[in-house]
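Below, each chain spelled out in residue letters.
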Amino acid sequence: GNSVTQMEGPVTLSEEAFLTINCTYTATGYPSLFWYVQYPGEGLQLLLKATKADDKGSNKGFEATYRKETTSFHLEKGSVQVSDSAVYFCALSDSNTGNQFYFGTGTSLTVIP
Amino acid sequence: DTEVTQTPKHLVMGMTNKKSLKCEQHMGHRAMYWYKQKAKKPPELMFVYSYEKLSINESVPSRFSPECPNSSLLNLHLHALQPEDSALYLCASSQGVRGTEAFFGQGTRLTVV
């Protein structure tokens, strides 16, 4: 079946530190992979996505590369800001219909000045 | 327009009340979703509609009743809820084809008293 495993949080970093949030997946076929971000009291917003092996998704300084050999999609940012404090969810959609989304447990990030 | 609009934003209801949550999108998406999210947890899929037909019901109790009146609207009718049903209810939509992301609304914060 399809599932996503995400590193446990919470994560606390100083401003300008390097961020990595690990995400691995189990899926049949060739899923699409996503990172979503959720700010307090809000819905989920798409941060970036990748739809095939070796694709790199990027947005707002965040990057993640679809690694089929390691079934991973780790999120990275070179220099975090206080405004990046949020909960980050790794997700995949199934390769057949694209209709179903499977979410990791979420990683809470707090960036301190 | 890339928005999914949910109303109301907040709702407090008694255990004997009947209320409805509403969701609207004008992106021409063919798939619409209801998710339930408890604090510090990932979204939990409740229902999926595809082409206005219910395609997935994740064994949700019958006190939650979804309805899709047309391709742009999705409702969730609530009746005889329990305090443990208090949560953030998220609506989402997607094109429902491989590689496309889900767009989320801001959610309805439901409190059952």
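Everything below is about the structure shown above.
Description of the structure in this document. Note that the coordinates shown come from a computational prediction; the quantities given were computed from them, not determined experimentally.

Definitions and limits used
Residues numbered from 1 in each chain as written. Chains lettered and ligands numbered in written order. Predicted model: local features only at pLDDT ≥ 70, side-chain atom pairs only at ≥ 80, totals over all residues. Heavy atoms only, no water. Helix = DSSP H or I, 4+ residues; strand = E, 2+ residues; numbered from the N terminus. Rg over C-alpha atoms; globule rule 2.2 N^0.38 Å. Buried < 20%, exposed > 50% of the residue type's maximum accessible area, 1.4 Å probe, protein only. Contact = heavy atoms within 4.5 Å. Pairing = 2+ DSSP bridges. Axes fitted to C-alpha atoms, helices over the stretch in contact; angles between N-to-C directions. Disulfide = S-S within 2.5 Å. Buried area = accessible area lost by both parts, 1.4 Å probe. Salt bridge = Lys/Arg side-chain N within 4 Å of Asp/Glu carboxyl O.

### Re the overall build of chain B
Helices and strands together make up the secondary structure of chain B, namely zero helices and 11 strands. At 13 Å, chain B has a C-alpha radius of gyration in line with the 13 Å of a compact globule built from 113 residues. A principal-axis box enclosing the C-alpha atoms of chain B has dimensions of 40 × 25 × 20 Å. Within chain B, the fraction of its 113 residues that count as buried is 50%.

### Here's the deal with the overall build of chain A
Counting secondary structure elements, chain A contains zero helices and 12 strands. Along the chain direction, N to C, the helices and strands of chain A fall in the order β-β-β-β-β-β-β-β-β-β-β-β. A compact globule built from 113 residues should have a C-alpha radius of gyration of about 13 Å, and chain A, at 14 Å, falls within 12% of that. Evaluated residue by residue, chain A yields a buried proportion of 45% over its 113 residues. Taking the contacts inside chain A whose residues are at least 6 apart along the sequence as the reference set, 56% of them involve residues at least 24 apart.

### Here we look at the sheet that holds strand E9 (residues 75-77) of chain A
Residues and elements named next belong to chain A. Taking strand neighbours across the sheet as the criterion, the four strands line up as E3-E9-E8-E7 in an open arrangement whose pairing is antiparallel. If you trace the sheet from one side to the other, it starts and ends with strand E3 (19-21) and strand E7 (56-59), each paired once. Geometrically, the sheet is characterised by an average inter-axis angle of 15° between neighbouring strands, direction not taken into account. Pairing between E7 and strand E8 (residues 62-65): four bridges, direction antiparallel.

### Focus on the state of the cysteines
Summed over the entire model, instances satisfying the criterion amount to two disulfides over all chains. There is a disulfide in this structure between Cys23 of chain A and Cys90 of chain A, and the S-S distance comes to 1.9 Å. Handedness here is read from the sign of the S-S torsion; for Cys23 of chain A and Cys90 of chain A, about -70°, the answer is left-handed. In this pair, Cys23 of chain A is assigned in strand E4 (residues 23-26) and Cys90 of chain A in strand E10 (residues 86-93), connecting sequence segments 67 residues apart. Taking relative accessible area as the criterion, Cys23 of chain A reaches 1% and is therefore assigned buried. With its sulfur 1.9 Å from that of its partner, Cys23 of chain B forms a disulfide with Cys91 of chain B. Residues Cys23 of chain B and Cys91 of chain B are joined through a disulfide that is left-handed, its torsion about the S-S bond being -70°. In this pair, Cys23 of chain B sits in strand E3 (residues 18-25) while Cys91 of chain B sits in strand E9 (residues 87-94), placing the two residues 68 residues apart along the sequence. We note that Cys23 of chain B, like Cys91 of chain B, is buried.

### Focus on the interface of chain B and chain A
At the junction of the two partners, chain B supplies 25 residues and chain A supplies 23 residues. Here chain B packs against chain A, burying approximately 1,900 Å² in sum over the two surfaces, 49% of which is carbon and sulfur. Interface area lost by chain B to chain A is led by Arg98, Glu101 and Phe104 of chain B, which between them contribute 29%. Scanning the region where chain B abuts chain A turns up one salt bridge. Here Glu101 of chain B ties to Lys49 of chain A by a salt bridge, and the two come within 2.7 Å at their closest N and O atoms.

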